[in-house]
Amino acid sequence: MKKFFMVFLFLLCAVLYAAESKIAVVDLEKVFREYYKSKIAEDTIRRQAGIYRDYMNKLANELKAAQETAENARADALNIGLSSAERAKAEKRASEAMRLVSEKRAAIELYRSGRTKDMQKLEADKRVEIMNDIKAELRKRAASGGYSYVFDCSGKTTNGQGALLIYPESHDITAEVISNLNRGATGKR
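All figures in this text were calculated on a predicted structure; none of them were measured in a lab.

**Here's the deal with the nonpolar core**
Here is step 1: Counting residues in each nonpolar core, the largest one holds 19 residues, and the members touching the most others are Val31, Ile134, Leu138 and Ile173.
Here is step 2: Residue assignment for this core shows that the elements contributing at least two residues are β1 (23-26), α2 (28-34), α3 (36-78), α4 (84-145) and α5 (174-181).
Here is step 3: Among the elements that take part in this core, α4 stands out by supplying five residues, more than any other.
Here is step 4: Ranked by size, the runner-up nonpolar core spans 12 residues in total, among them Tyr52, Met56, Leu63 and Ala97.

Have a look at this one:
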């Protein structure tokens, strides 16, 4: 597979050069990381995760209190020092408390799964929004620079090395793309 990839890349480069196409490279990971909207999105996601975490802690505390109530009621139901009527009432309280514990556990699991999906959707939506901006800027930069192809040099192969190992630095448009994307960003944060 690795050999196929390298042969494919070599042939692709040969064909592109033969056709006298102009090639640019961009470190997409760096562009994504340094784009001001990425930082805003990270803050939004972090704040939302904090809200979810705080509510989960509240639910966990409610569950803990319900479990303690159930344990105390169960202990009273088993206490031979109490009358049988008091033990029967305690058994009823224990049963009700255990039902409440089950409901709390179900509510926590429902909340957790729902919020996990919400967070995944929020992250995906933000990523798509940011990538659309980056792709639009790449198209503009490619058109103005006369580039036929723009390759991402941040990608890694199966052995952890960059897919593009050697390329002329003059073909790297990463800094220009970041600069154009962040133009006028100070007022937008």
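Having seen it, we continue.
**Side note on the environment of Lys22**
Here is step 1: Assignment of secondary structure puts Lys22 in the loop between α1 (2-18) and β1.
Here is step 2: The exposure class assigned to Lys22 is partly exposed, which follows from its relative accessible area of 40%.
Here is step 3: Measuring from C-alpha to C-alpha, the distance between Lys22 and His171 comes to 8.9 Å, with 149 residues separating the pair along the chain.
Here is step 4: In contact with Lys22, not counting residues within four places along its chain, are Gly145, Gly146, Tyr147, Ser148 and Tyr149.
Here is step 5: Among the polar contacts listed, one links the side chain of Lys22 to the backbone oxygen of Gly145, at a separation of 2.9 Å.

**Observations concerning α5**
Here is step 1: Within the span of α5, buried status applies to Thr174, Val177, Ile178 and Leu181. Relative to the axis of α5, the buried residues are bounded by an arc of 100 degrees and lie together on one face.
Here is step 2: Close packing links the buried residues of α5 with β1, α2, α3 and α4.

**With respect to the packing of aromatic side chains**
The geometry of an aromatic ring pair is captured by two quantities: the separation of the ring centres and the angle between the planes.
Here is step 1: In this structure the tally under the stated criterion is three aromatic pairs.
Here is step 2: When the ring of Tyr35 is compared with that of Tyr36, the centres are 5.3 Å apart and the planes differ by 80 degrees; the resulting orientation is edge-to-face.
Here is step 3: The class of Tyr36 is buried, set by a relative accessible area of 4%.
Here is step 4: On the numbers, 4.8 Å between centres and 55 degrees between planes, the contact of Tyr55 with Tyr111 is tilted. Of this pair, Tyr55 sits in helix α3 while Tyr111 sits in helix α4, placing them 56 residues apart in sequence.
Here is step 5: For Tyr55, a relative accessible area of 35% corresponds to the partly exposed category.
Here is step 6: Stacked on the ring of Tyr147, the Lys or Arg Lys22 has its end atom at 4.9 Å from the ring centre.
Here is step 7: If you follow Arg115 out to its NZ or CZ, it ends over the ring of Tyr52, 5.5 Å from the centre.

**Considering the environment of Ser144**
Here is step 1: Relative to the assigned elements, Ser144 resides in helix α4.
Here is step 2: Among the polar contacts made by the side chain of Ser144, one reaches the side chain of Arg141 at a distance of 3.1 Å.

**Quick look at the pattern of salt bridges**
Here is step 1: This model, assessed by the stated rule, comprises 14 salt bridges.
Here is step 2: The residue Lys37 makes a salt bridge to Asp133 at a minimum N-O spacing of 2.9 Å. Of this pair, Lys37 sits in helix α3 while Asp133 sits in helix α4; the two residues are 96 residues apart in sequence, bridging distant segments of the chain.
Here is step 3: Judged by relative accessible area, which is 23%, Asp133 ranks as partly exposed.
Here is step 4: With its nearest N and O atoms 3.0 Å apart, the salt bridge here joins Glu91 to Arg74.

**Considerations on the side chain of Thr174**
Here is step 1: Relative to the assigned elements, Thr174 resides in helix α5.
Here is step 2: The contacts of Thr174, once residues within four sequence positions are left out, are Val25, Val26, Asp27, Lys30 and Val31.

**Looking at the pairing of β1**
Here is step 1: Because side chains alternate across β1, one face comprises the buried residues Ile23 and Val25, and the other comprises Ala24 and Val26, equally buried.
Here is step 2: Relative to strand β2 (residues 149-152), β1 is paired through four bridges, and the arrangement is parallel. Across the sheet, the residue bridging to Val25 is Phe151, located in β2.

Conventions and cut-offs
- Residues numbered from 1 in each chain as written.
- Predicted model: local features only at pLDDT ≥ 70, side-chain atom pairs only at ≥ 80, totals over all residues.
- Heavy atoms only, no water.
- Core = buried A, V, L, I, M, F, W, Y, C linked by side-chain atoms within 4.5 Å.
- Buried < 20%, exposed > 50% of the residue type's maximum accessible area, 1.4 Å probe, protein only.
- Helix = DSSP H or I, 4+ residues; strand = E, 2+ residues; numbered from the N terminus.
- Contact = heavy atoms within 4.5 Å.
- Polar contact = N/O pair within 3.5 Å; in protein donor to acceptor, adjacent residues only side chain to side chain.
- Arc of directions from axis to C-beta.
- Phe/Tyr/Trp six-rings, centres within 6.5 Å; stacked < 30°, edge-to-face > 60°.
- Lys NZ or Arg CZ within 6 Å of the ring centre and 35° of its normal.
- Salt bridge = Lys/Arg side-chain N within 4 Å of Asp/Glu carboxyl O.
- Pairing = 2+ DSSP bridges.

Just distances and angles here, no functional claims.
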